[in-house]
Amino acid sequence: TTQTGQIGYLGPLINDETRRLAASAYLGAKKCWTQYRNGDPNDLKFKVTWIGFWFNIPGFTADPTQVANDFINTGYDVIISGIDTTEGLTEAKKAADGGQAVWAIPYDFIGSCEEGASVCLGVPYFNWGPAYLETIQSAVDGTWTSNFQWNSPDWADLNNLDTTAVGFVKGAALSADAATNLDEFIAALAGGLNLWVGPINLQDGTVFLADGAVATDQQIWYLPQLLEGMEGQSVSE
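What counts and how
Note on numbering: residues in each chain are counted from 1, in written sequence order. Local features are withheld for residues below a pLDDT of 70 in this predicted model, meaning they are given only at 70 or higher, and side-chain atom pairs are given and counted only at 80 or more; totals for whole chains, interfaces and linings count all residues. Each side-chain value is derived from all of the structure's non-hydrogen atoms; neither hydrogens nor water enter the calculation. To define a nonpolar core, start from buried Ala, Val, Leu, Ile, Met, Phe, Trp, Tyr and Cys residues and group those joined through side-chain atoms within 4.5 Å. Throughout, exposure labels follow a simple rule: accessible area from a 1.4 Å probe, protein chains only, divided by the maximum for the residue type, with under 20% read as buried, over 50% as exposed, and the rest as partly exposed. Strands here mean DSSP runs of E at least two residues long; helices mean DSSP runs of H or I at least four residues long; both are numbered from the N terminus. Should any heavy atoms of two residues lie within 4.5 Å, those residues are counted as being in contact. Note on pairing: DSSP must find at least two bridges between two strands before they are called paired. Directions pointing from the helix axis toward each C-beta atom define the arc. Polar contacts here mean pairs of N or O atoms no more than 3.5 Å apart (in protein, one a potential hydrogen donor and the other a potential acceptor; neighbouring residues in sequence count only if both atoms are side-chain atoms). Note on charges: Lys and Arg go in the positive column, Asp and Glu in the negative column, and His and the chain ends are not counted at all. One side-chain nitrogen of Lys or Arg within 4 Å of one carboxyl oxygen of Asp or Glu is enough to make a salt bridge. To count toward a patch, a residue needs a relative accessible area above 30% and no salt bridge. Like charges then connect within 9 Å, nonpolar side chains (Val, Leu, Ile, Met, Phe, Trp, Tyr) within 5 Å. Values of accessible area rely on a 1.4 Å probe in the Shrake-Rupley scheme; residue burial ignores everything except the protein chains shown. Here, two cysteine sulfur atoms that lie within 2.5 Å of each other are counted as a disulfide. Each residue after the first adds 1.5 Å to the expected span of a helix.

(A) Looking closely at the nonpolar core. Formed by 41 residues in total, the largest nonpolar core has its most connected members in Phe-46, Val-48, Ile-80, Trp-196, Leu-227 and Met-230. Mapped by element, the contributors of at least two residues to this core are strand 1 (6-11), helix 1 (16-35), strand 2 (45-50), strand 3 (78-81), strand 4 (103-105), helix 5 (176-190) and strand 8 (207-209). Residues in contact with Trp-196, not counting those within four places in the same chain, are Arg-20, Ala-23, Ser-24, Leu-27, Phe-208, Leu-209, Ala-213, Val-214, Ala-215, Ile-220, Leu-223 and Leu-227. Counting residues in each nonpolar core, the second largest holds 18 residues, with Phe-71, Tyr-76, Ala-104 and Cys-113 among its members.

Right, dumping it as structure tokens:
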């Protein structure tokens with residue numbers, strides 16, 4: 001959707017989880033920029049600005065409203081949010097209402113697009129219901145044991161709330177062509193497309209994955225830096 005080739009990522013605090021989320025968004029954006037837009041990956045700008053927590057705490061975090069406007073005022077026309085509140089979306093809507101071409105992707109809550117439907121490209125969300133139900137049922141049955149779960153999307157039906165752990169709701173601002181490309185991209189992921197395949201370097205130029213190497217779950221989980229091609233802090237100062 002971007003017209004400027006500049007994407008801003010509104011990040012919360014900096015840790016392993018948020019680095020891998022931001023980096024995954026970057027890898028997806030770069031894939032779509034090159035595959036569907038025939039763009040040069042070196043021309044794609046992807047900037048991460050962290051506020052310091054999952055939502056605004058005046059006097060403690062950076063103001064996400066200001067961060068969003070800094071993106072908008074410097075040519076970043078798509079804001080991807082990694083925080084739990086909707087400032088990225090609402091500020092994009094204000095700018096669009098004023099005549100600017102700006103869009104946003106909020107985070108986490110399935111109904112987030114309602115805060116700015118006219119600029120919302122869609123929202124990824126988590127769905128804990130199936131995992132909770134399975135855990136509670138095993139407790140009732142007396143079969144529960146401590147375990148680690150890697151809960152994946154239901155790729156056959158991404159928004160089936162009875163089966164999927166992760167979903168994505170398309171927004172009203174997503175064009176028909178972009179929606180078609182998105183469907184193709186999701187189908188590729190469902191079919192095994194893996195964006196975590198080398199060569200991939202870390203932000204400081206260190207080799208993260210050699211050419212053809214595939215990242216392990218643990219490597220992604222404990223991603224130590226943002227990736228080469230991303231602008232923004234990798235660690236807290």
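More follows now that the structure is in view.
(B) Expanded view of the sheet that holds strand 1. The strand order 4-3-1-2-9 describes an open sheet built from five strands, whose pairing is parallel. The open sheet has two edge strands, strand 4 and strand 9 (230-231), and neither has a second partner. When strand 2 meets strand 9, the two strands line up parallel, connected through two bridges. Note on strand 9: the bridge partner recorded for Lys-47 is Glu-231.

(C) Here's a closer look at helix 2 (residues 64-73). Along helix 2, the residues that are buried comprise Pro-64, Val-67, Ala-68, Phe-71 and Ile-72. For helix 2, the angular spread of buried residues about the axis comes to 140°, placing them on one side. Contacts made by the buried residues of helix 2 are with strand 1, strand 2, strand 3 and helix 3 (87-97). Its side-chain oxygen placed 2.9 Å from the backbone nitrogen of Thr-65, Asp-63 serves as the N-cap of helix 2. Just downstream of helix 2, Gly-75 is the residue with a positive phi angle, here 95°.

(D) Examining the side chain of Glu-87 more closely. Along the chain, the position of Glu-87 falls in helix 3. Here Glu-87 sits buried without a salt bridge, and the closest side chain of opposite charge, Lys-94, lies 9.8 Å off (N-O distance). Ignoring anything within four residues of it in the chain, the contact list for Glu-87 reads Asn-56, Pro-64, Thr-65 and Ala-68.

(E) Structural context of the environment of Leu-27. On the secondary structure map, Leu-27 appears in helix 1. The exposure class assigned to Leu-27 is buried, which follows from its relative accessible area of 6%. Spatially, the C-alpha atom of Leu-27 lies 13 Å from that of Gln-203, the residues being 176 residues apart in sequence. Leu-27 has contacts with Leu-195, Trp-196, Ile-200 and Leu-227, leaving out every residue within four places of it along the chain.

(F) Fine view of a nonpolar patch on the surface. Taken together, Phe-126, Trp-128, Tyr-132, Ile-136 and Val-140 make up a surface patch of nonpolar side chains, about 570 Å² in accessible area. A per-element tally of the nonpolar patch places helix 4 (residues 129-141) first, with three residues. Locating Phe-126 in the fold gives a position in strand 5 (residues 122-126).

(G) The arrangement of the state of the cysteines in detail. Under the defined criterion, the tally for this structure stands at one disulfide. Two residues, Cys-113 and Cys-120, share a disulfide whose sulfurs are 2.0 Å apart. The sign of the S-S torsion, about -50°, decides the handedness of the disulfide formed by Cys-113 and Cys-120: left-handed. Here Cys-113 falls in the buried class, since its relative accessible area comes to 12%.

(H) Focus on helix 5. With 15 residues, helix 5 should cover 21 Å at 1.5 Å per step; its first-to-last C-alpha distance of 21 Å lies within 8% of that length. Here helix 5 has its buried residues at Ala-178, Ala-179, Leu-182, Phe-185 and Ile-186. An end-on view of helix 5 places all buried positions within 120° of arc, on one side of the element. In helix 5, the exposed positions that point more than 90 degrees away from the buried face belong to Ala-176 and Asp-177.

(I) Examining the environment of Asp-204 more closely. With respect to the secondary-structure elements, Asp-204 resides in the loop between strand 7 (200-201) and strand 8. Here the alpha-carbon distance between Asp-204 and Glu-228, two residues 24 residues apart in the chain, equals 6.9 Å. A distance of 2.9 Å separates a polar atom in the side chain of Asp-204 from a polar atom in the side chain of Gln-225.

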